[in-house]
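Listed below, chain by chain, are the residues.
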Amino acid sequence: MNQILKNYIDLTRAHFMFAWPLIFCSGLFLGFYNYGGFSWTLLIKAILIGLFGFEGGMILNDYIDKDIDKKDVEHDKLTFYWRPFKSRPLPYGEISSKNALRLFLLFFIITVCLILTLPFPNSLYVLLVYFYCYFMEYFYQVKKRNQKFPIAQVLGRTDFSIFPVAGYLCVGAPDKAALLFFLFFYPLALSHLGLNDLIDIKNDIARKMNTITVLYGIKGTVKWIVLFNILHFIMAIIFLSILPKVTLYGFLIPFALLLAATYILLKDSTPIRGLKLLPLYHLSMAIYSVSIILGTSI
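Residues numbered from 1 in each chain as written. Predicted model: local features only at pLDDT ≥ 70, side-chain atom pairs only at ≥ 80, totals over all residues. Heavy atoms only, no water.

By the naming in an unreviewed UniProt entry, the chain is Digeranylgeranylglyceryl phosphate synthase, taken from Candidatus Methanofastidiosum methylothiophilum. Under the UniProt heading Subcellular location (unreviewed entry), the note attached to the chain is "Cell membrane". Of the comments in the UniProt record for the chain, the one headed Cofactor (unreviewed entry) reads "Mg(2+)". (UniProt positions renumbered as here; feature names shortened; annotations may be inferred.)

(A) How the structure looks around the overall build of the chain. The helix and strand tally for the chain stands at 13 helices and zero strands. The N-to-C order of helical and strand elements in the chain reads α-α-α-α-α-α-α-α-α-α-α-α-α. Taken over C-alpha atoms, the radius of gyration comes to 19 Å for the chain, in line with the 19 Å a tight globule of 298 residues would show. Taken over the C-alpha atoms alone, the chain extends approximately 50 × 45 × 40 Å along its principal axes. The 298 residues of the chain split such that 58% are buried. Only carbon and sulfur atoms are counted for the fraction: they give 72% of the accessible area of the chain, which is about 13,200 Å². Computed over 27 positive and 17 negative side-chain charges, the separation of the two mean positions in the chain equals 3 Å. (Helix = DSSP H or I, 4+ residues; strand = E, 2+ residues; numbered from the N terminus. Rg over C-alpha atoms; globule rule 2.2 N^0.38 Å. Buried < 20%, exposed > 50% of the residue type's maximum accessible area, 1.4 Å probe, protein only. Areas by Shrake-Rupley, 256 points an atom, 1.4 Å probe, with all protein chains shown as cover. Lys, Arg positive; Asp, Glu negative; His and termini not counted. Charge placed at Lys NZ, Arg CZ, Asp CG, Glu CD.)

(B) Quick peek at unusual backbone geometry. In this structure, the amide linkage connecting F120 to the following residue, P121, adopts the cis form with an omega of 10°. Residue position: P121 is located in the loop between α5 (97-116) and α6 (122-143). Of note in the backbone geometry, K86 takes a positive phi value of approximately 60° without being a glycine. When you line up the elements, K86 lands in the loop between α4 (78-82) and α5. Classification of K86 by relative accessible area gives partly exposed; the value is 41%. A positive phi angle is found at K208, which is not glycine, with a value near 60°.

(C) A look at the pattern of salt bridges. Overall, the coordinates contain eight salt bridges when judged by the stated rule. Measuring nitrogen to oxygen at the nearest pair gives 3.5 Å for the salt bridge that ties R157 to E137. Pair noted here: R157 is in the loop between α7 (151-156) and α8 (158-168) and E137 is in helix α6, with a separation of 20 residues, a long-range link. A relative accessible area of 13% places R157 in the buried class. Residue classification places E137 among the buried positions, given a relative accessible area of 8%. As a salt-bridge pair, D159 and R157 come within 3.5 Å of each other at their nearest N and O atoms. (Salt bridge = Lys/Arg side-chain N within 4 Å of Asp/Glu carboxyl O.)

(D) Main features of the UniProt feature "transmembrane region" (unreviewed entry) in the chain. Those residues carrying the UniProt feature "transmembrane region" (unreviewed entry) are residues 12-32, 38-60, 100-118, 180-199, 220-242, 248-266 and 278-297 in this numbering. When the span residues 12-32 is considered, its composition is 71% helix and 0% strand, and the gap between its end C-alpha atoms is 30 Å.

(E) Fine view of the nonpolar core. Residues W20, L28, L195, F239 and F251 are the most contacted members of the largest nonpolar core, which totals 86 residues. For this core, the leading source of residues is helix α9 (residues 176-199), giving 14 residues. Excluding anything up to four places from it in sequence, F239 contacts L30, A177, L180, F181, F184, F251 and I292. (Core = buried A, V, L, I, M, F, W, Y, C linked by side-chain atoms within 4.5 Å. Contact = heavy atoms within 4.5 Å.)

(F) Spotlight on the packing of helix α3 (residues 40-64) against α6. Put simply, α3 and α6 touch, their axes get as near as 10 Å, and they point 25° apart. Regarding the angle of α3 to α6, the classification is roughly parallel. Here the hand of the crossing between α3 and α6 comes out right-handed. Seen from α3, the contacting residues are F52, G53, G56, G57, L60, N61 and I64; seen from α6, they are Y130, Y134, E137, Y138, Q141 and V142. (Axes fitted to C-alpha atoms, helices over the stretch in contact; angles between N-to-C directions. Parallel < 35°, antiparallel > 145°, perpendicular 65-115°, else oblique. Left-handed = near helix turned anticlockwise from the far one by under 90°.)

(G) Representation of α8. Within α8, eleven of the eleven residues are buried, which leaves the element mostly enclosed by the surrounding structure. Those residues of α8 that fall on the buried side of the exposure criterion are T158, D159, F160, S161, I162, F163, P164, V165, A166, G167 and Y168. As for α8, its buried residues are in contact with α2 (19-35), α3, α6, α7, α9 and α13 (271-295).

(H) Just the environment of T296, in detail. With respect to the helices, strands and loops of the structure, T296 is situated in the segment after α13. The class for T296 is buried, based on a relative accessible area of 11%. Each C-alpha atom, one on T296 and one on P244, is 6.4 Å from the other, the two residues being 52 residues apart in sequence. For T296, the residues in contact, after removing those within four places along its chain, are F29, L30, Y33 and P244. Only 2.6 Å separates the side chain of T296 from the backbone oxygen of I292, close enough to count as a polar contact. (Polar contact = N/O pair within 3.5 Å; in protein donor to acceptor, adjacent residues only side chain to side chain.)

Quick look at the structure:
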């Protein structure tokens, strides 16, 4: 494979690209369930909005941190997990900042154009969420460099949590279901963030990032993860009350995976163990999404 192509695959974390439309469309299908209006055209638009919108966020993440990522001292954990060809193209100079910015702007323009094809006021709802997510991505990356309280994490992860809600708003309105979807996903996003910080602790210390693990240590991070997993389970049960009953069977699998991950982490809280548990989180998110899509389609 051409080296340039490999670099762009690492920049966009392309091997995860299927996940973003899946999460986005879980919200869309809940919107179809509550409001009707299913169409293949809208589904294709949503898939593309989820794909280009999230991939643009990946590029923005790297662009903001392009200089600070040069200080990484450990590459065999999150770098290897998130990037199939094991490279950070921007800080390593394999992709220029200008080319990365051009690609981000291309994805941004594509996403905005797709959003504007949605009916009003749904287009406005989704566009506002889209702008909010990019603002919060910038805020998160910058704020965590200088903070004594995890404001960057608490506010910053609202961007990921509201992502499936944007899918819902393609056909729905800001209602109770949208709020419960957000509250269901938000604690899981914060728990997932804590696990990422635990895994990447050496790099965050080198980069002087005030992440959860830098602020509170490994024990504090485990408490953070356990707390938000408990809140996630509570909100999942409440969220299930507005979903078709069949969805519960799909949710049982992520419940078991996350409980197992929590138990194992309590027994072994090392970054290496955290890295091995990270796929359980991502598999859980995928199964949640598939369960909602199938449950609202039957």
